[in-house]
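# Geometric and topological summary
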Amino acid sequence: MISNVCVLGAGRMGSSIARTLLDRGCPTWVWNRTAAKCEPLAALGAKVPPSVEAGIEAAELVIINVLDYAASEALLKRGDVASALAGKAVVQLTSGSPRLAREEARWVEAHGAGYLDGAIMATPDFIGKPETAVLYSGSRDVYEKHKPLLFALGGGTSYVGELPGQASALDTALLTQMWGGLFGALQGMAVAEAEGLDLATFRSHLSGFKPVVDAALFDLVDRTNARRFAGDDATLASLGAHYSAFQHLLEACEERGLDAAMPRAMDMIFRQALSLGSMEDDFASLAPLFR
Ligand code: NAD
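Here's what I pulled together on the structure shown here.

Rules and cut-offs
- Residues numbered from 1 in each chain as written.
- Predicted model: local features only at pLDDT ≥ 70, side-chain atom pairs only at ≥ 80, totals over all residues.
- Heavy atoms only, no water.
- Pairing = 2+ DSSP bridges.
- Helix = DSSP H or I, 4+ residues; strand = E, 2+ residues; numbered from the N terminus.
- Axes fitted to C-alpha atoms, helices over the stretch in contact; angles between N-to-C directions.
- Contact = heavy atoms within 4.5 Å.
- Phe/Tyr/Trp six-rings, centres within 6.5 Å; stacked < 30°, edge-to-face > 60°.
- Buried < 20%, exposed > 50% of the residue type's maximum accessible area, 1.4 Å probe, protein only.

Read from one edge to the other, the open sheet built from 7 strands follows the order β2-β1-β3-β4-β5-β6-β7, with strand pairing classed as mixed. Pairing within the sheet leaves two strands with one partner each, and these edge strands are β2 (28–31) and β7 (158–161). Between one strand axis and the next, the sheet turns through 25° on average, direction left out of account. Pairing analysis gives 5 bridges linking strand β5 (residues 114–120) to strand β6 (residues 134–138), with the strands arranged antiparallel. Paired with isoleucine 120 across the strands is valine 134, a residue of β6. Where helix α1 (residues 12–23) meets the sheet, it contacts β1 (5–8), β2, β3 (61–64) and β5, and its direction lies at approximately 165° from that of β1. Across the sheet, helix α9 (residues 166–194) touches β5, β6 and β7, and the angle it forms with β6 is around 140°.

This part covers the packing of aromatic side chains. In this structure the tally under the stated criterion is 6 aromatic pairs. Judged by centre distance (5.0 Å) and plane angle (35°), the ring pair of tyrosine 143 and tyrosine 159 falls under tilted. Here the residue tyrosine 143 occupies a position in helix α7 (residues 140–145), and tyrosine 159 occupies one in strand β7, the gap between them amounting to 16 residues. Exposure remark for tyrosine 143: the relative accessible area of 4% places this residue in the buried category. Note on tyrosine 159: relative accessible area 16%, which makes it buried. An aromatic cluster of three or more residues is present, and its members are Tyr243, Phe246, Phe270 and Phe283.

Structure follows, in C-alpha cells:
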C-alpha cells in the first residue's frame, strides 16, 4: 500500500475511503469542493492540495467519489486537469449507469490514463471491513496493480469484467432484486395488517420462510441461465401453482380495498406467460418476457 492516492470528494463516502487509506498508512491527498470537509482528514494526516490538478499530479492513483457523474465530469473535463491525468490510474467510485461508465472510460483512456469503474455495495461505515463488497470493471491492469489497496477498502472486492459498464450493471441488477423484495414486503405488510395481523408477527415469520425463498431464487437464476423453462421433475412449483396462489393476493386487495397497482402488473405478466405457454411450465418461463 505504498501508492500515493488522491481522493477527489470528501463527502460521507469519500471521507470514509480517505480515512481508511490513512489508517492503512497510505499517503493520501484529499480534495473537496468545500475545503472545510477536508479538515478532519487533514488532522488525520491527509494532504490537502491547492487544486484538483495538484492532487492528481501528486498521486499515482486517483479515486473519484462525488455525488454523480455530472459532478465528476465538471471536475475532470478542464484542460489543466485533463492533462494531469496522463499516466495515472483512475478509479471511479461515484455511482452511475453502465453508459456513463463506458463514456468516462473512453474519455479517461483517451487522456492517457487507465480506468477502473467501481460500485460500492455498502454504506460508508462498512468501508475497510473484511466483508464489504466493491465491484470493479474496466482496466484489468489497474485492478491487478492496485489490488492490495482496493482490498483494503473492502475485503469482499471482486473484478466483474473488462467492459467498464459491467460493475454498474451488476450493481443495478442486484439492487433490482433487492427492490423486488422490499416492494413485496410493503404489499405483504398491507395484507397482513388489513387482516388483523400485527407486523411483529409478519416479521417473526420472515426468517423461517427465507431458506425457501432463497432456494426458489437460486433455482430461478440457474434455470434461466440454462433456458430450462418447461416444467420437469425438478420444478419446485409450476406456473399454474404460482398463479393459483397469486389469486389470493388479488382477492385480498380487492376485498380489503388495498392498492393493487403492483399485483395487477404482476398479474399481467402471469397472464402473458400463460397465453404463450402452459400451466405446467416452470416459473422461469416468465424470464423471456423481461427481455
Ligand atoms: P455526499 O452527499 O455525502 O457527498 C457528495 C460529495 O460530492 C461532496 O463531497 C460534494 O462536495 C461533492 N460534489 C457534489 N457536487 C459536486 C460538484 N458539482 N463538483 C465537485 N464536487 C461535488 O454523498 P456520499 O454519500 O458521499 O456519496 C458519494 C457517492 O458515493 C455517490 O455517487 C453515491 O451514490 C455513492 N455511494 C454512496 C453510498 C452511501 O451509502 N453513502 C453507498 C454507495 C455508493
